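Chain and residue survey
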Amino acid sequence: MTHENPPFAIAVEAGSEGVSPTRIRAAISALERFGVTIATFEDAGFAALDADAPRLDAITQAAFAAPLSGATGLVPLVRVSAVEPFHLATQLATLDYASHGRTGWIGEVDGSEAEAAAFDRAPLDGPEARRTELDDTIEVLGRLWDSWEDDAVIRDVETGRYLDRDRLHYADFEGSRFSVKGPSIIPRPHQGLLPTFAAYGSAAPELIDVALIRERTILEASAAAGQADNQGIARTIVEVEVSLDSRGRAAADRLGNRATDADVAGRIRYSGDAAGLVELITEVASFANGVRLLPVDFDVDVQELGRAVLPALRRAGVFTSPRAGEHLRDALGLAHPANRYAAQAL
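Before going into details, it helps to say that this report is about the structure given with it.

Rules behind the numbers
- Residues numbered from 1 in each chain as written.
- Predicted model: local features only at pLDDT ≥ 70, side-chain atom pairs only at ≥ 80, totals over all residues.
- Heavy atoms only, no water.
- Helix = DSSP H or I, 4+ residues; strand = E, 2+ residues; numbered from the N terminus.
- Rg over C-alpha atoms; globule rule 2.2 N^0.38 Å.
- Buried < 20%, exposed > 50% of the residue type's maximum accessible area, 1.4 Å probe, protein only.
- Contact = heavy atoms within 4.5 Å.
- Salt bridge = Lys/Arg side-chain N within 4 Å of Asp/Glu carboxyl O.
- Axes fitted to C-alpha atoms, helices over the stretch in contact; angles between N-to-C directions.
- Parallel < 35°, antiparallel > 145°, perpendicular 65-115°, else oblique.
- Left-handed = near helix turned anticlockwise from the far one by under 90°.
- Nonpolar A, V, L, I, M, F, W, Y, C, P; charged D, E, K, R; others polar.
- Pairing = 2+ DSSP bridges.
- Right-handed = clockwise from strand over helix to strand, strands pointing away.
- Phe/Tyr/Trp six-rings, centres within 6.5 Å; stacked < 30°, edge-to-face > 60°.
- Lys NZ or Arg CZ within 6 Å of the ring centre and 35° of its normal.
- Expected span 1.5 Å × (residues − 1).
- Bend = angle between axes of the 7 residues up to and from the residue.
- Arc of directions from axis to C-beta.

Helix and strand counts for the protein stand at 12 helices and 13 strands. In terms of overall size, the protein behaves like a compact globule, its C-alpha atoms giving a radius of gyration of 20 Å where 346 residues would be expected to give roughly 20 Å. Each of the three principal axes of the protein carries a C-alpha extent, and together these read 70 × 45 × 40 Å. The 346 residues of the protein split such that 51% are buried. For the protein, contacts bridging at least 24 residues in sequence account for 76% of all contacts bridging at least 6.

Spelled out as structure tokens, the structure:
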């Protein structure tokens, strides 16, 4: 069962620090020390690739962070139009093993002409095509993760059988742009099905566990979270771009007039002192299950989060850090799903 009063999650974007292993190590160390629920990893994406500034993709960043952390969830953003679904399923399942059950993923679609030309695929024309691509990928990942029943590995020495082949299943998926036979090449992940995050409205509600709310105001975010709840989406997380005052210097002075990602993505944008952010997050906690904070200046903003914001939220009873060794599904208050093929056989 899911929790009636699920824990409030605080996710922080760490992928902006993914220029090098050194930066990832420093970023995950800070987030683990401050006790955030989730570190998300969003790489530059195909359109922003720069030969002079190489970066690691989001899944690789999360994999590097896995042995460096023990409580923080690891959630990479994956642009599914640039990956092969079968290989994505095994990558994410392997990451779940490496993190001992702390992995989720954010599904997103690019589908631009530039990306399509790079991978010799047709571009995705319009929101309906992009939504179908994301829906199909989420569906086939679930089928592949379930294609091994939990007790498929039997290690029967007497008969020389490592697997019980009757407990492996074909995915047998036919989509609009790809088909997958299966089964997977690795066992079912620790969590069964990894928690699936997606921007609200970008995928079918029944396919995602966590809706990322991207709205410009608290009022709009509250309305969207209510709609997601009514559609049966288990959890809602509101995205907020953050720039905090630090050491006597106002965030507005550091930020200046430059445009930020929030202007493009339509996220709430907060710039000010720690007390104001505590108030904003507390208000979000009245209608949603978490926030995803995107620091404008990671080194400055995350230190202020750890020094002044998170302690205040703990004192107010809004936020509790995840426990070491806890699965991400448990940290989010999500049920562990039964294997669809095992359930069919009963």
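On to the pattern of salt bridges. Inspection of the entire model under this criterion finds 24 salt bridges. Via salt bridges that share partners, Glu 13, Glu 42, Asp 43, Arg 79, Glu 108, Arg 214, Glu 239, Arg 267 and Arg 292 belong to a single interconnected network.

Turning next to the packing of helix α2 (residues 58-65) against helix α3 (residues 85-98). Two elements in contact, α2 and α3, have axes separated by 10 Å at closest approach and are oriented at 20°. Considered as vectors, α2 and α3 are oriented roughly parallel to each other. Considering only the axes of α2 and α3, their crossing is left-handed. Contacts between α2 and α3 involve Ile 59, Ala 62 and Ala 63 from the first element and Leu 88, Gln 91, Leu 92 and Leu 95 from the second. For the contact of α2 with α3, a count of residues per class yields six nonpolar, one polar and no charged.

This part is about the packing of helix α1 (residues 21-34) against α2. Packing of α1 against α2 leaves a shortest axis separation of 10 Å and a crossing angle of 60°. Here α1 is positioned oblique relative to α2, judged by the angle of their axes. Considering the relative orientation of α1 and α2, their crossing is right-handed. Between α1 and α2, the residues in contact are Pro 21, Ile 24, Arg 25 and Ile 28 and Gln 61, Phe 64 and Ala 65, respectively.

By the criterion of burial, strand β3 (residues 73-79) is predominantly enclosed, with seven of the seven residues buried. Of the two faces of β3, the one carrying Gly 73, Val 75, Leu 77 and Arg 79 and the one carrying Leu 74, Pro 76 and Val 78 are both buried. Bridge analysis of strand β2 (residues 38-41) against β3 gives four bridges, and the strand direction is parallel. The residue bridging Ile 38 from the neighbouring strand is Gly 73, located in β3. Where β3 meets strand β4 (residues 105-108), three bridges bridge the pair, whose relative direction is parallel. Opposite Val 78, over in β4, you have Gly 107 as the bridge partner. Between β3 and its parallel partner β4, the chain crosses via α3, and the hand of that crossover is right-handed.

With that out of the way, let us pick up the packing of aromatic side chains. Considering all chains together, one arrives at one aromatic pair under this definition. Measuring from centroid to centroid gives 5.7 Å for Phe 173 and Phe 178, while their planes differ by 35°, and the two rings are tilted. Here Phe 173 and Phe 178 have matching classes, each one buried. Seen from the ring of Tyr 170, Lys 181 lies directly overhead, with NZ or CZ sitting 5.0 Å from the centre.

Moving on: the environment of Ala 225. On the secondary structure map, Ala 225 appears in helix α6 (residues 218-230). On a C-alpha basis, the gap between Ala 225 and Ala 198 in space is 13 Å, while along the polypeptide they are 27 residues apart. For Ala 225, the residues in contact, after removing those within four places along its chain, are Ile 213, Thr 236 and Phe 287.

Compared with the 26 Å implied by 1.5 Å per residue over 18 residues, the 24 Å span of helix α10 (residues 298-315) between its first and last C-alpha is a close match. Of all the bends found along α10, the most pronounced is centred on Leu 305 and spans about 45°. Along α10, the positions that sit buried rather than exposed are Phe 298, Asp 301, Val 302, Glu 304, Leu 305, Gly 306, Ala 308, Val 309, Leu 310, Ala 312 and Leu 313. Looking at the buried positions of α10, the neighbouring elements they touch are β1 (9-13), α1, β11 (235-244), α7 (251-255), α9 (274-284) and β13 (290-295).

Turning to α9, a few remarks are in order. Side chains of residues three or four places apart in an α-helix project in the same direction, reflecting 3.6 residues per turn. Along α9, the residues that are buried comprise Ala 274, Leu 277, Val 278, Leu 280, Ile 281 and Val 284. Buried residues of α9, seen end-on, are gathered within an arc of 165° and therefore sit on one face of the element. α9 presents Ala 275 and Glu 279 as exposed residues on the side facing more than 90 degrees away from its buried surface.

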